[in-house]
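Examination of the molecular architecture
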Amino acid sequence: MRILNSQDPTVKGLLKKQVANIEEIEARVQEILKAVRDQGDEAVFAFTRQFDRALINTQNFRVTEEEIKEASTQVEPEVLTAIRQAAENIRQFHEKQKVNSWMEPDAQGTILGQLCRPLARVGIYVPGGTAPLPSSVLMNAIPAQVAGVREIVMTTPPQADGRINPYILVAAAEAGVTEIYKVGGAQAVAALAYGTESVRKVDKIAGPGNIYVTIAKKLVYGEVDIDMLAGPSEVLVIADGTANPRYVAADLLSQAEHDVLASAILVTPSTALAEAVQVEVERQLAVLSRQDIALTAIRDYGAIILTTDLAEAVEIANEFAPEHLELLVERPFELLGGIKNAGAIFLGTYSPEPVGDYWAGPNHVLPTGGTARFYSPLSVDTFIKKSSIIAYSETSFRQGAAAIIKLAMIEGLDAHANSVRVRLDG
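In this report, the structure presented in the accompanying data block is examined. (Residues numbered from 1 in each chain as written. Predicted model: local features only at pLDDT ≥ 70, side-chain atom pairs only at ≥ 80, totals over all residues. Heavy atoms only, no water.)

Inspection of the secondary structure puts S6 in the loop between strand 1 (3–5) and helix 1 (22–39). Judged by relative accessible area, S6 falls into the buried class, the value being 14%. A polar side-chain atom of S6 sits 2.7 Å from a polar atom in the side chain of E312. (Helix = DSSP H or I, 4+ residues; strand = E, 2+ residues; numbered from the N terminus. Buried < 20%, exposed > 50% of the residue type's maximum accessible area, 1.4 Å probe, protein only. Polar contact = N/O pair within 3.5 Å; in protein donor to acceptor, adjacent residues only side chain to side chain.)

Time to look at the packing of helix 5 (residues 134–147) against helix 6 (residues 166–175). Helix packing geometry: the angle between the two helix axes and the distance between the axes. Look at helix 5 against helix 6: their axes get within 9 Å of each other, and the N-to-C directions meet at 15 degrees. Comparing the axis directions of helix 5 and helix 6 gives the class roughly parallel. The interaxial crossing formed by helix 5 with helix 6 has right-handed handedness. Side by side, helix 5 and helix 6 meet where P134, V137, L138, A141, I142 and Q145 of the first sit next to Y167, I168, A171, A172 and A175 of the second. Residue composition of the contact of helix 5 with helix 6, by class: 10 nonpolar, one polar and no charged. (Axes fitted to C-alpha atoms, helices over the stretch in contact; angles between N-to-C directions. Parallel < 35°, antiparallel > 145°, perpendicular 65-115°, else oblique. Left-handed = near helix turned anticlockwise from the far one by under 90°. Contact = heavy atoms within 4.5 Å. Nonpolar A, V, L, I, M, F, W, Y, C, P; charged D, E, K, R; others polar.)

Quick look at the packing of aromatic side chains now. Tallied over the full model, the rule gives four aromatic pairs. With centroids separated by 5.2 Å and ring planes inclined at 55 degrees, the aromatic side chains of F61 and Y181 adopt a geometry described as tilted. Residue F61 is located in the loop between helix 2 (41–52) and helix 3 (65–74), and its partner Y181 is located in strand 6 (residues 179–182); the two are separated by 120 residues in the primary sequence. Its relative accessible area of 1% is what places F61 among the buried residues. Arranged with centres 5.3 Å apart and planes meeting at 45 degrees, the rings of F374 and Y375 form a pair that is tilted. Using a relative accessible area of 37% as the deciding quantity, one classes Y375 as partly exposed. Every member of this aromatic cluster is reached through a ring pair, and the members are F45, F61 and Y181. Over the face of the ring belonging to Y194 we find R37, whose NZ or CZ atom lies 5.2 Å from the ring centre. (Phe/Tyr/Trp six-rings, centres within 6.5 Å; stacked < 30°, edge-to-face > 60°. Lys NZ or Arg CZ within 6 Å of the ring centre and 35° of its normal.)

What follows is the structure, encoded as structure tokens:
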């Protein structure tokens, strides 16, 4: 793992990764979206045969209650217990995010307020790939359930035999998912956004996926809402000389094993720690089951950055705005006040990133690629819409009428001004 000085020009480019052939991928996604929009189920089934090698049709497209019950018998009791406890932790955290509608009158009888309502129907995308992701089900569906969404529709790629992994189905049952369809990729996003003969369109699509899913979400935005555009995983660790190099290396590799494009970065003022972590990363890499993936990520997008002090380390972290930020320093809460941009912040030795991924309760669907500068984690707010309430009394109306007319006339909107003026005449 390379060690860089903070002034090295390579540092600024570490999190500014570009995806190759983005135009080519976008053109292909456009074709998939159009096919599903025009042909509905027929296109969805054809793409599922092509990409997932699964024979899906109208009879087996939607997961049945029997399939969910069967899945529950295939999941080990201790795993089911873990899923249920994780779900409870996530639910308890997100319950604290709930917002209430409000109205407030003033002395003149005017009432202003805000009406908060859950979305009616949302789509949750759960990736397939080489391993099941029940945590992704919980993190997407539970906030929607807490928000009060009545219809939570999940799509996930089927296995070649047409089945869905039992861990995913059990998690969906625990999280309150109401419909599950066997489809993944851009075609799943299209089905959720446009609707098909089998799938009614949704109001919003949430959940991370590969580059095809991400681009599809980008292209259907406006037809439906989306949560965010997720990119490769990132972790940035700020550590001082008190940090255990074994822990730091393990935390860096926990993100590097996600994807060859994942970023794993250590920022520290300690040369001794930097060198010790460099050795530990090599040692731990040798025994990882996903060694090839982690090695590529560490080589291409990993680095140890040496700073003059912790204050400079915080500046670098704020510039990167990482998805995950770990503060492995002697007094982590002293640094917390200086952190401005991060998806999730993990403080202290015993708060490694996987605790947040699976267990603690805060959401693990986080902004990536520097978007933590303006995006927040997925939350109950993701699934709520708000309406303003305005009920003016005659007294308040007459007090503001002249100013309203002047502002409307400045903008050249005579009819706006007249809408106020006719009430004064009356």
